[in-house]
Each structure stands twice: as C-alpha cells, then as structure tokens.
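Chain by chain, the residues:
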Amino acid sequence: MSNHTPASNNKKNNTPEQIQLIEQQVKQWLEDVVIGLNLCPFAAKPNRNKQIKIFVSKDNNENDLLETIYMQFKELDETPAETLETILVVAPFLFEEFDDYNQFLDLVEGLVVQLGKSGTYQIASFHPDYCFYGAEPDDAENLTNRSPYPVFHLIREESMAKVIKHYPNPEAIPDRNIECVENLTPEQMRKLFPYLIK
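Residues numbered from 1 in each chain as written. Predicted model: local features only at pLDDT ≥ 70, side-chain atom pairs only at ≥ 80, totals over all residues. Heavy atoms only, no water.

A. Just the packing of helix H3 (residues 62–78) against helix H4 (residues 98–114), in detail. Two numbers describe how H3 lies on H4: the axes approach to 11 Å, and their chain directions differ by 40°. One finds that H3 runs oblique with respect to H4. Seen along the crossing, H3 lies across H4 with a hand that is right-handed. Each of Glu62, Leu65, Leu66, Ile69, Tyr70 and Phe73 in H3 lies in contact with H4, whose residues at this interface are Phe104, Leu107, Val108, Leu111 and Val112. (Axes fitted to C-alpha atoms, helices over the stretch in contact; angles between N-to-C directions. Helix = DSSP H or I, 4+ residues; strand = E, 2+ residues; numbered from the N terminus. Parallel < 35°, antiparallel > 145°, perpendicular 65-115°, else oblique. Left-handed = near helix turned anticlockwise from the far one by under 90°. Contact = heavy atoms within 4.5 Å.)

Right, dumping it as structure tokens:
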C-alpha cells in the first residue's frame, strides 16, 4: 500500500493556493510520468497544444462530484476538440480508499450511459492506491495508473480512434507500460512517484 497523504477533507483547506498546488502536482505527474514514460502515446500532442484541461474539484461529497463531472462532459460537448481535447477531473477531497473510488467509477460510467454518450466518451481511471484486478498492491504494474490524487480522465472516443488508427500495434501498449515501470530503478521511482514514498 502506498504512503501518500491525501488532501484534507476539511473544506477550510480548499484555498486557492492549495487548489493551485494540487493542479501543479497533477500537471507534473502528467508530464513526467504519463508523457515522460510514454505511458499514453496520445497525450504529448494535446499537452503541447494546451488542449488538456486539469479541473481540480473542491467537492467533498459524491453527489456534488457527479454533478461536477456532468458539467465537464457538457463543456466537452460544447467545445470543439481542436480547443479542448480532454479533461482530467481531480478529486483530492474524496476517495482516500481505492475501493470507494472504484465504486464511484461505476456511477460515472452509468452517467455516460444515462447521457446517451456511450461511444462518445470513455473514462480512464487513476488513484494513488490503484490496484489492477488480480494484482498485489505492491506490484509495479499498478504504477501505470497511480496518480497524486484520484483522477477521472474524460476521453473523446472519436479522437482516440483517429490516433490509434495511425499507431502501430496499440494492443501492446499495456504490456509495454508494465515492462517500463517494472524496469524503473528505486531512485527513478522516488523521483517520479514522490507521493507514494515517505
């Protein structure tokens, strides 16, 4: 299990400075881990073009967060992909436990269906204690989906399909990513995942 320290649930701590710090930490993770290790070969271009939005939610209950995610889907609906490709919704004040995050993820998936957006949007999931089904908590493969805070990545399926068409052997990406994180040295792990190590 990781030793990350989640943001406090105390609403008084939702200061603009703290929210800005959380956004910076997520941006750092996106650039150093997701893009730096090439875990998602499709992220570098939209990041370069400033088409990725990081939205830090101040919500401290699930109903409010679901409403927030709904509003972010609405923004994707109303904004062309050339301007806004994708949104990372960060939930620093909820889901200290990965199981709670996972259960809520079902609600988000349900929201996509309810909105009639299956096939339009998909969700990628990240959490400081992310653990793949069948994996042990300390298995290196979990690092591919471990982030500083709980994150819901709202993805346009059409954009993903376009990129995958030009990408050789996309099915091999998960295995290549696992191999990549398994080969990190302890020093690299400390540098890339400081929020997991005391």
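The structure having been displayed, the exposition proceeds.
B. Geometry of the environment of Leu107. By secondary structure assignment, the location of Leu107 is in helix H4. Sequence-wise, Leu107 and Leu66 are 41 residues apart; in three dimensions their C-alpha atoms are separated by 7.9 Å.

C. Highlighting unusual backbone geometry. With a phi angle near 55°, Lys50 is a residue other than glycine that sits in the positive phi range. Along the chain, Lys50 falls in the loop between helix H2 (44–48) and strand S1 (52–56). Its identity as a non-glycine residue notwithstanding, Phe95 has a phi of 60°, on the positive side. Structurally, Phe95 can be placed in the loop between strand S2 (86–90) and H4.

D. Structural detail: the sheet that holds S2. Taken in spatial order, the 4 strands make up an open sheet running S1-S2-S4-S3, and their pairing is mixed. Two strands bound the open sheet, and with one partner strand each, they are S1 and strand S3 (121–126). Within this sheet the neighbouring strands show an average axis-to-axis angle of 20°, counted without direction. As defined by bridge partners, S2 adjoins strand S4 (residues 151–156) across 4 bridges and the pair is classed as antiparallel. Across the sheet, the residue bridging to Val89 is Phe152, located in S4. The strands touched by H3 within the sheet are S1, S2, S3 and S4, with S4 carrying the most contacts at an inclination of about 25°. (Pairing = 2+ DSSP bridges.)

E. Spotlight on the pairing of S4. Taking burial as the measure, the 6 residues of S4 include 6 buried ones, the bulk of the element. Alternating residues of S4 divide into Val151, His153 and Ile155 and Phe152, Leu154 and Arg156, and every residue in both groups is buried. By the bridge criterion, 6 bridges tie S3 to S4 in an arrangement that is antiparallel. Paired with Ala124 across the strands is His153, a residue of S4. (Buried < 20%, exposed > 50% of the residue type's maximum accessible area, 1.4 Å probe, protein only.)

F. Quick look at the packing of aromatic side chains. One pass over the structure, following the stated rule, counts 11 aromatic pairs. Seen in terms of ring centroids, Phe95 and Phe104 are 5.0 Å apart; in terms of plane orientation they differ by 40°. Their pairing is tilted. By the burial criterion, Phe95 is buried, and Phe104 matches it. Pairwise contacts between aromatic rings join Phe95, Phe98, Tyr101, Phe104, Tyr130, Phe132 and Phe152 into one cluster. (Phe/Tyr/Trp six-rings, centres within 6.5 Å; stacked < 30°, edge-to-face > 60°.)

G. Highlighting the pattern of salt bridges. Per the stated rule, a full pass over the model turns up 3 salt bridges. Between Lys27 and Glu31 there is a salt bridge, with the nearest N and O atoms lying 2.7 Å from each other. Of this pair, Lys27 and Glu31 both sit in helix H1 (residues 16–35), 4 residues apart, roughly one helical turn. For Lys27, a relative accessible area of 39% translates into the label partly exposed. (Salt bridge = Lys/Arg side-chain N within 4 Å of Asp/Glu carboxyl O.)

H. Summary view of the environment of Ala172. Within the fold, Ala172 resides in the loop between helix H5 (157–165) and helix H6 (173–182). Each C-alpha atom of the pair Ala172 and Thr68 lies 34 Å from the other, and the pair is 104 residues apart in sequence.

Functional significance is not addressed by these values, which are geometric in nature.
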